[in-house]
Structures are given as C-alpha cells and as structure tokens.
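Now for the letters of each chain:
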Amino acid sequence: MGVIARDGEHEVEIQRSRFRCVVARVEDLDAARAVIARVRKEGPDATHHCTALRIGDPEDGGQVARSNDDGEPAGTAGAPMLEVLTRRDLTDVVAVVSRWFGGTKLGAGGLIRAYSGVLAETLDVVGRLRRVRYHEMMLSVPHDRAGRLENDLRNSPYLLREVDYGADVTLTVAVADIAPFEDWLAEHSGGNVEAVYTGPCDLYQP
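Please read all numbers here as calculations on a predicted model, not as lab measurements.

Draft legend 1. Representation of the environment of Ile-178. Assignment of secondary structure puts Ile-178 in helix H5 (residues 178-189). Placed 41 residues apart in sequence, Ile-178 and Met-137 show a C-alpha to C-alpha distance of 8.4 Å. Those residues in contact with Ile-178, other than ones at most four positions away along the chain, are His-135, Met-137 and Tyr-197.

Spelled out as structure tokens, the structure:
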C-alpha cells in the first residue's frame, strides 16, 4: 500500500467557490480527528469542511475508511474524496477539503468533480511513497567484532536501522526474507552471531 510522502495543502477556485484541500499522514483516528479539528479552527468562515480518511492495513486486522459530506448534498463530497484515496491505494491519510461558497451552485456532478479533483491535485503535489513490510532482526555482537559486521551490513542488500552500544553492540536490521539473511549472517560472522526476530516493521520507499 502507499502513503503520502509529506503533509501538504493545495487550493483551487471553481466558479468563485474556493476549495482548499489539506492532507496529512496519520496513524490512528485520534490523530485524524486532531487534523480535522485544526483545519476547522483555521477556517471558521468556510461553508463546509468535508473529510475522508483511510487508516490501517487489512493484513493487520482491518482498515478504517470514513467520509463526511459536512452539509453538502449526500455523496457529493466525502464519498468522492474517499474514492480517490481508495483508487490510489493510500492508507494512514486524512484529507479535509474546505469550501468557501462563491454564490454559484455547482450541482451534484460539479461538486463531485470539484472535491475529488482538488484532492487528486493535492496528492500529486505531496507525492507518494510505498509502505513496504519488512522483518526486523536484532543481532548482539561483541565490541571487537561489531565494526566489521556493521560495515558489511552497510554494504549489503539489508537495511541497518539502528546501532546501540552497551555491554555488547546491538544491530537492528530490516530484511525482506529471513532465511537468506540468516545464510548471509552465518557467512559474514563465521556462524558466531544469531539473529533474533523481533517482529514486522514498515518502511517507506519511493
């Protein structure tokens, strides 16, 4: 699945109505609600603040998807916005489109095009990253051997995420497949270092 590369906003004017879209990456519903509340506070004079969000991953037990038309005719704002997020396979994102009515009614079709269009343009502006699931492995290595293994990891296909210095040196590595990594580790450590699986981790990549 994908996530937005950064938070951002974008504004368009359609038949004298202003549409300003704000998108933000969020981890849960509380964070999404905070974004929506902030946008409402920043634009108290807006006629509508329509929203759509997708949070979570079906592989982790489900995904939350919600939308709100905030007073626009049913199905003309929040639902088209949610459809844009769904078509782009984005998650952990909330979108708020604020409208300042300019005096000209757009009709149902015009509203659908306006709300979905400004969101699509905003997503193009902020960019997209892939959320890739990895396995996190932890290695504990004596200080006298850690430097060489750390250097080998930095020059390997594996992703060295953290290096912690304590009684031993703890290296945290993200790998796509565990078995090939264990073979690589045995070769580069003489079979003297064991990798402990600590769980899944998500990395964001272009």
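Draft legend 2. Main features of the packing of helix H2 (residues 78-87) against helix H3 (residues 107-126). Contact geometry for H2 and H3: axes closest at 8 Å, N-to-C directions at 35 degrees. For the element pair H2 and H3, the recorded crossing hand is right-handed. Contacts between H2 and H3 involve Pro-80, Met-81, Val-84 and Leu-85 from the first element and Ile-112, Tyr-115, Ser-116, Leu-119, Ala-120 and Leu-123 from the second. Partitioning the contact of H2 with H3 into residue classes produces 9 nonpolar, 1 polar and no charged.

Draft legend 3. How the structure looks around the pattern of salt bridges. If you walk through the whole model with that rule in mind, you get 13 salt bridges. Arg-161 serves as the salt-bridge partner of Glu-136, at 3.1 Å between the closest nitrogen and oxygen. Taken as a pair, Glu-136 in strand S7 (residues 128-141) and Arg-161 in strand S8 (residues 159-165) lie far apart in primary sequence, 25 residues in all. If you follow the salt bridges from partner to partner, you end up with Asp-57, Asp-92, Arg-131, Arg-133 and Asp-202 in one network.

Draft legend 4. Representation of the pairing of strand S2 (residues 8-14) in the model. Across 7 bridges, the pairing between S2 and strand S3 (residues 17-25) is antiparallel. Following the sheet pairing, Gly-8 is matched in S3 by Val-23. Once S2 ends, the chain turns through 2 residues before running back antiparallel as S3, passing Gln-15 with a positive phi of about 50 degrees.

Draft legend 5. Structural context of a negative patch on the surface. Residues Glu-182, Asp-183, Glu-187 and Glu-194 make up a contiguous surface patch of negative charge. Here Glu-187 is to be found in helix H5.

Draft legend 6. Structural context of the sheet that holds strand S5 (residues 62-68). Spatial ordering of the open sheet is given by S2-S3-S6-S4-S5, a layout of 5 strands whose pairing is antiparallel. The strands lining the two open edges of the sheet, one partner per strand, are S2 and S5. Between one strand axis and the next, the sheet turns through 10 degrees on average, direction left out of account. Pairing between S3 and strand S6 (residues 93-100): 8 bridges, direction antiparallel. What sits directly across from Arg-18, in S6, is Trp-100. Against the sheet, helix H1 (residues 29-42) touches S3, strand S4 (48-57), S5 and S6, its axis set at about 160 degrees to S4. Each of S4, S5 and S6 is contacted by H2, which is oriented at about 35 degrees to S4, the strand it contacts most.

Procedures and definitions
- Residue positions are counted from 1 within each chain, in the order its sequence is given.
- A pLDDT threshold of at least 70 governs which residues receive local features in this predicted model, and a stricter bar of 80 or more applies before side-chain atom pairs are shown or counted, although totals over entire chains, interfaces and linings include all residues.
- Side-chain measures were taken over the full set of non-hydrogen atoms in the model, leaving aside hydrogen atoms and water.
- Under the DSSP-based scheme used, a helix requires at least four consecutive residues in state H or I and a strand at least two consecutive residues in state E, with every element numbered from the N terminus.
- Whether two residues touch is decided by their heavy atoms; if any such pair falls within 4.5 Å, the residues are in contact.
- As a rule, the C-alpha atoms of each element are fitted with a line to give its axis, helices using only the stretch in contact, and angles between N-to-C directions run from 0 to 180 degrees.
- The hand of a helix crossing depends on one turn: near helix anticlockwise from the far one by less than a right angle means left-handed, and clockwise means right-handed.
- By the convention adopted, Pro, Cys, Tyr, Trp, Phe, Met, Ile, Leu, Val and Ala count as nonpolar, Lys, Arg, Asp and Glu as charged, and the other residues, Gly among them, as polar.
- Basic side-chain nitrogens of Lys or Arg form a salt bridge, by our definition, when they fall within 4 Å of a carboxyl oxygen of Asp or Glu.
- Each pair of strands is called paired provided DSSP finds at least two bridges between the two strands.
- Patch criteria: residues need more than 30% relative accessible area and no salt bridge. Like-charged residues are merged within 9 Å; nonpolar side chains of Val, Leu, Ile, Met, Phe, Trp and Tyr are merged within 5 Å.
- Reported accessibility uses the Shrake-Rupley method at a 1.4 Å probe radius. Residues are deemed covered only where the shown protein chains occlude them.
- The charge count treats Lys and Arg as positive and Asp and Glu as negative. His and the chain ends do not count.
- Charge placement uses NZ in Lys and CZ in Arg. For Asp and Glu, CG and CD serve respectively.

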